[in-house]
Structure formats: structure tokens, C-alpha cells
Amino acid sequence: EAKFTLNAKKTLNGRDQEAGEFKFNLYKTGADFVVASNAEAVATGTNTAQGAIEFGTLSYDKASTYYYVAKEAVPADTDGVTYDSAEYYVTVNVT
């Protein structure tokens with residue numbers, strides 16, 4: 001069994017961020033990194049006050065290449081915050 005832990009960092013300009021203020025989702029995709037419209041997150045993470053984000057540990061029981069997209073969840077009420085719409089591609093090679 002192989003394990004992988006994904007960590008990221010949130011940067012907020014203009015004020016300090018509060019722990020748990022921002023949510024991030026990790027979606028399993030194919031090699032094209034396209035997230036299906038009905039996709040559910042395989043992992044989620046929230047920020048610490050210092051901006052650290054941990055999605056938890058993913059486990060694998062077979063050798064393969066796995067593809068994911070990580071992106072910030074944008075709430076309906078953004079409360080004056082401009083959210084990043086970037087998608088980050090993650091490739092995990094299990095041998």
C-alpha cells in the first residue's frame with residue numbers, strides 16, 4: 001500500500017486570514033485534468049491561520065498514475081474577498 005499527503009499554502013493579501021476561513025477541494029480526474037461537472041471531492045482541506053492547507057492522506061493499493069485537480073471552493077457570499085479561480089494539477093505515480 002502506498003500513501004500520499006498533499007499540502008498547499010494559501011496567501012491572502014490585505015489582511016490576516018483566520019483558521020478555517022478558506023476551503024479547498026481535491027478532485028480525481030483523468031490525464032486531461034478535466035473535472036466532471038458532477039464530480040465530488042475525494043479530499044478537502046481548510047487553511048490554518050498561517051495559510052497551511054492539508055488535504056489528508058490518500059492511500060493506493062495498486063501501481064498506476066493518478067491525476068487530481070486541487071482548487072479553492074468559492075462560497076456564495078464572498079464577503080469582499082476576491083477568490084483565486086486557478087486549478088492546480090497533481091500527478092501521483094505509484095510504482
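## Concerning the overall build of the protein
Helix and strand content of the protein: zero helices and six strands. Reading the secondary structure of the protein in the N-to-C direction produces β-β-β-β-β-β. In terms of its C-alpha atoms, the protein occupies a principal-axis envelope of roughly 45 × 25 × 15 Å. Counting only residues that meet the buried cut, the protein has 31% of its 95 residues in that class. Accessible surface for the protein amounts to roughly 6,200 Å². Of this, 45% is attributable to carbon and sulfur atoms. Averaging the positions of the 8 positive and the 13 negative side-chain charges in the protein gives two centres separated by 5 Å.

## Looking at the side chain of Gln-17
Position of Gln-17 relative to the elements: it lies in the loop between strand 1 (2-9) and strand 2 (23-29). By relative accessible area, which is 10% here, Gln-17 ends up buried. There is a polar contact of 2.9 Å between the side chain of Gln-17 and the side chain of Asn-47. Residues in contact with Gln-17, not counting those within four places in the same chain, are Lys-10, Thr-11, Leu-12, Phe-22, Asn-47, Thr-48, Ala-49, Gln-50 and Gly-51.

## Considerations on the nonpolar core
Here is a general trend for soluble globular proteins: nonpolar side chains tend to be buried in one another's company. Within the largest apolar cluster, 18 residues are counted, with the highest numbers of intra-cluster contacts made by Leu-26, Phe-55, Tyr-60, Tyr-68 and Val-92. Secondary structure elements with two or more residues in this core: strand 2, strand 4 (52-60), strand 5 (64-72) and strand 6 (87-94). Among the elements that make up this core, the one with the highest residue count is strand 4 (four residues). Apart from residues no more than four positions distant in its own chain, Val-92 is found in contact with Phe-4, Tyr-60, Ser-64, Thr-65, Tyr-66 and Tyr-68.

## Digging into the sheet that holds strand 2
With respect to topology, four strands assemble into an open sheet ordered 3-2-5-6, the strand pairing being antiparallel. Each edge of the sheet is formed by a strand with only one pairing partner; in this case those strands are strand 3 (43-46) and strand 6. Going across the sheet, the axis of each strand differs from the next one's by a mean of 25 degrees, ignoring polarity.

## Considerations on unusual backbone geometry
Although it is not a glycine, Phe-33 adopts a positive phi angle of roughly 60 degrees. Structurally, Phe-33 can be placed in the loop between strand 2 and strand 3. Since its relative accessible area comes to 14%, Phe-33 is described here as buried. You will see that Asp-79, though not glycine, has its phi angle at about 50 degrees, which is positive.

Rules used in this analysis
Residues numbered from 1 in each chain as written. Predicted model: local features only at pLDDT ≥ 70, side-chain atom pairs only at ≥ 80, totals over all residues. Heavy atoms only, no water. Helix = DSSP H or I, 4+ residues; strand = E, 2+ residues; numbered from the N terminus. Buried < 20%, exposed > 50% of the residue type's maximum accessible area, 1.4 Å probe, protein only. Areas by Shrake-Rupley, 256 points an atom, 1.4 Å probe, with all protein chains shown as cover. Lys, Arg positive; Asp, Glu negative; His and termini not counted. Charge placed at Lys NZ, Arg CZ, Asp CG, Glu CD. Polar contact = N/O pair within 3.5 Å; in protein donor to acceptor, adjacent residues only side chain to side chain. Contact = heavy atoms within 4.5 Å. Core = buried A, V, L, I, M, F, W, Y, C linked by side-chain atoms within 4.5 Å. Pairing = 2+ DSSP bridges. Axes fitted to C-alpha atoms, helices over the stretch in contact; angles between N-to-C directions.

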